[in-house]
Amino acid sequence: MKEKTVILTGNPNTGKTTIFNALTGLHQKTGNWPGVTVEIKEGSFVYQDTKFKMLDLPGTYSLTSFTEDEKIARDILVKEKADVVVVVADASNLERNLYLVMLLLELEQNVVLDLNMYDVARDKGLAIDVNHLETILGTKCVITIGSKRTGIEALKQAIYDASEDKKEVITKINYGEAEEQISLVEKALGDISSPYPIRFLAIRLLEQDADIKAFIKTTPVYQNIKEVIDAVYNCFPDIETYLIEKRYGFTHGVSEECTKRMDILENRIKLTDKLDRFFIHPFYGTLSFLFFIWATFNIVFNWGSPFTHLLEKLFAFAAKNITSLLHSIDSPEWIASLLTDGIIGGVGSVLIFLPNIFILFFVFAALEDSGYIARAAFVTDRLMHKIGLHGKSAIPMILGFGCNVPAIMATRTLETKKDRVLTILATPFMSCSARLPVYLLFTGIFFQHNRGSILFSLYLIGTFTGLLTAKLFKSVFFKEESPPIIMELPLFHAPDIRNMLISAWERSYLFIRKAGGIIFFGVIIIWVLSYFPLSATYAGEDSFIGILGSKLAVLLKPAGFGYWQAAVALLFGLVAKELVVGTFGAVFGGEAGITAALSSLFTPLSAYAFMLMTLIYIPCIATIAVIKQEAGIKWAIIATIWSIFIGWVVAVLFYQGFKLY
Amino acid sequence: MGPLVKSSPGKYKIVQITTACQAAKKRLMMLGVLVGDEIELIKPSPGPVIIEKGGTRIGLGQGMASCIIVNKITKETK
């Protein structure tokens, strides 16, 4: 079968993910794209005799190197040399969406334009003359309604046709008075070898693109180019704005020519207006924001627990049967111990929380898909500015409740280095889903009557610690102010169940894989350390793990949990925070043993202190690695040391403070 | 004529973006909002404002909204 590469791109809020899901279904994975270590979703579909491999780029408005996302998108476009580039556009705002299309044509890509959300355009009273648009742009255009899976077959056909028949780009924007300057730069560039077309390079240089400038610096023509550009800026100082305005002039013209306006059916727009007055209102907006977060964790907890209990029983049943089976065939005792105490006890006690993880990401996808998350950024903007963060910092931080790793990657939409670093430092304190099993375990034992509120308080304390960290580091390391917040607010709409399920499944799958990988091996190491030396009782104080833990436990005494088991659990939690529970499982021999053992070691007070410590004390190894990747080794070290320090301080202060009452 | 942050809901033409927001101006341009454009103010201050242009709504922080100088479009000016 033939194989072709397709890149999916488009502005944010155009339903790109829905189209990606509709095209590829479950044939997708999140992989690291070689060259830049960045999470790019990859999927595939087969149409006629061809297999299409699809890459889903982050949503961007342009291809300048204004934000990290745009830089990444452009790099991939240039290096991948895809057979087809599909631009998912919001049909109701052709003018702005065509802007990206024109940049892609300047990059000489083989573009297919997908006019998505056509139902919204129709509600707004717009009709697009697709044939005319195809003639003007010289690209294939397809109408789709992603949420209803309308037009997906036509889109596949268009991708297929475009991949079979690659046309030269015929549409060029005439930049009028600037054309002369562009050709001057083109001439100075000569036949420079670069992955970009010459005209694209020339225009970007005139638009002061920092990345392209840096690239030119490495070439022999640099001196010459610099002189030419300086000369251009002397006689045409606002050429940068002029070029952008000309491009918008062109897309405005095309959009007017191809769009017919009819009667407006504004129901959805009116609804969004009403909701927006409420959701970004300084008072009601904040209140509803807190309510949403609180409700999320209650749902995660209440809907998840029946399934959790079911899994618990299943693992206990398995452990019992394996033991009696092994007993009946006279296998050595250590094998039974490894399988039941170690693996089922350890991995099982982590895996039972799978339903909670699934529900958490399901609800998160709903908040994101409905358009609410963008509003949350505005609600928190004022607070964020006071702290020295950007309003948009709220989005990575909220995503951090799911998993810190993609959340830290999401800081790429921030424009300044300062905002990125501060948000990266604050995000690990957002309590991720890996920490959830620890809270579920402890609240289940010690705070049965108000589990939801206890859970909520931990998330609040984590958030507060994150904000405090940002404030502190801002005043020490950074002086400049954040740029003002500007963000598109998509229309509110009912979240797409399919998107929610795919997103929840994807994250659950990662969780299962983690349980089978890093947690599995962690648990085996813990079991070995607990089983040996042979003279010791299993996981007793005289086992290796007991000896190791006792040394560390001294440090934890002031926080109320100076037991070697707690120390070892926290130590292994560094690898993955689920292992805190996994360690207890392996050491105490499964679910049933844990409850009894923990109730005798902890009091409600020290249990809460332990949860605080787990919440704050250190991001997991994967998070430290992603901090290093995104912000550099210096910040990774600072984040690690700071979090251990502040985690210990908070746990000790809490325990010592409340012990008096 | 006045800054967007002090305006009431309605249709406006953008006259100028003051130099205090020079860096953010480019960001605004990427979202399709240029000097000379007609916009509609949907939600005024206090708090962030929401404007609409070409069917897209864009939220702006108060800081940004005070940098955008607009002229009200009345029936006569049209």
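Residues numbered from 1 in each chain as written. Chains lettered and ligands numbered in written order. Predicted model: local features only at pLDDT ≥ 70, side-chain atom pairs only at ≥ 80, totals over all residues. Heavy atoms only, no water.

As a further point, take the packing of aromatic side chains. Residues and elements named next belong to chain A. Overall, the coordinates contain 42 aromatic pairs over all chains when judged by the stated rule. Centroid distance Phe401 to Tyr459: 5.4 Å. Interplanar angle 70°. Geometry classified as edge-to-face. Taken as a pair, Phe401 in the loop between helix H18 (394-399) and helix H19 (404-409) and Tyr459 in helix H22 (residues 451-477) lie far apart in primary sequence, 58 residues in all. On the basis of relative accessibility, which here comes to 4%, the residue Phe401 falls in the buried class. For Tyr459, a relative accessible area of 2% puts it in the buried group. Arranged with centres 4.9 Å apart and planes meeting at 35°, the rings of Tyr608 and Phe654 form a pair that is tilted. Of this pair, Tyr608 sits in helix H29 (residues 604-616) while Phe654 sits in helix H31 (residues 633-659), placing them 46 residues apart in sequence. The pair formed by Tyr608 and Phe654 is uniform in burial state, with each residue classed as buried. Among the aromatic residues, ring-to-ring pairing joins Phe278, Phe279, Phe283, Tyr284, Phe291, Phe292, Trp294, Tyr372 and Phe492 into one connected group. Seen from the ring of Phe200, Arg204 lies directly overhead, with NZ or CZ sitting 4.7 Å from the centre. (Phe/Tyr/Trp six-rings, centres within 6.5 Å; stacked < 30°, edge-to-face > 60°. Helix = DSSP H or I, 4+ residues; strand = E, 2+ residues; numbered from the N terminus. Buried < 20%, exposed > 50% of the residue type's maximum accessible area, 1.4 Å probe, protein only. Lys NZ or Arg CZ within 6 Å of the ring centre and 35° of its normal.)

Assigned domains within chain A: domain 1 (2-164), domain 2 (176-261) and domain 3 (286-479 + 500-659). The centre of domain 2 of chain A, based on its C-alpha atoms, is set 50 Å off from the matching centre of domain 3 of chain A. (Domains from an automatic or database assignment.)

Before going further, it helps to examine the interface of chain B and chain A. Each partner contributes to the interface: chain B provides 28 residues, whereas chain A provides 37 residues. Of all residues in chain B, the largest losses of buried area upon contact with chain A belong to Arg27, Met30 and Arg57 of chain B, amounting jointly to 29% of the total for that side. The interface formed by chain B and chain A contains four salt bridges. In this structure, the salt-bridge partner of Glu240 of chain A is Lys26 of chain B, at a minimum N-O distance of 2.9 Å. Across the contact surface, chain B and chain A share ten residue pairs in polar contact (both at pLDDT 80 or more). Of all the secondary-structure elements, those providing two or more residues to the side of chain B that touches chain A are helix H1 (22-30), strand S3 (38-43), strand S4 (49-53), strand S5 (56-60) and helix H2 (62-67) of chain B. Broken down by element, the residue count for the side of chain B that touches chain A peaks at seven residues, all from H1 of chain B. Looking at the side of chain B that touches chain A residue by residue, the classes come out as 14 nonpolar, nine polar and five charged. As judged from the four bridges shared by strand S10 (residues 486-489) of chain A and S5 of chain B, these two strands associate in the antiparallel manner. Within S5 of chain B, the position partnered with Met487 of chain A by the bridge is Gly59 of chain B. (Contact = heavy atoms within 4.5 Å. Buried area = accessible area lost by both parts, 1.4 Å probe. Salt bridge = Lys/Arg side-chain N within 4 Å of Asp/Glu carboxyl O. Polar contact = N/O pair within 3.5 Å; in protein donor to acceptor, adjacent residues only side chain to side chain. Nonpolar A, V, L, I, M, F, W, Y, C, P; charged D, E, K, R; others polar. Pairing = 2+ DSSP bridges.)

Turning next to the state of the cysteines. This structure, assessed with the given rule, holds one disulfide over all chains. A disulfide bridge connects Cys21 of chain B with Cys67 of chain B, and the sulfur atoms are separated by 1.9 Å. Looking along the S-S bond of the Cys21 of chain B-Cys67 of chain B disulfide, the torsion reads about 65°, which is the right-handed sense. With Cys21 of chain B in the loop between strand S2 (10-17) and H1 and Cys67 of chain B in helix H2, this pair connects stretches of sequence that are 46 residues apart. Relative accessible area serves as the criterion here: at 5%, Cys21 of chain B is assigned to the buried category. Between Cys258 of chain A, a cysteine without a disulfide, and Cys141 of chain A, which holds the nearest cysteine sulfur, the sulfur-to-sulfur distance is 8.3 Å. (Disulfide = S-S within 2.5 Å.)

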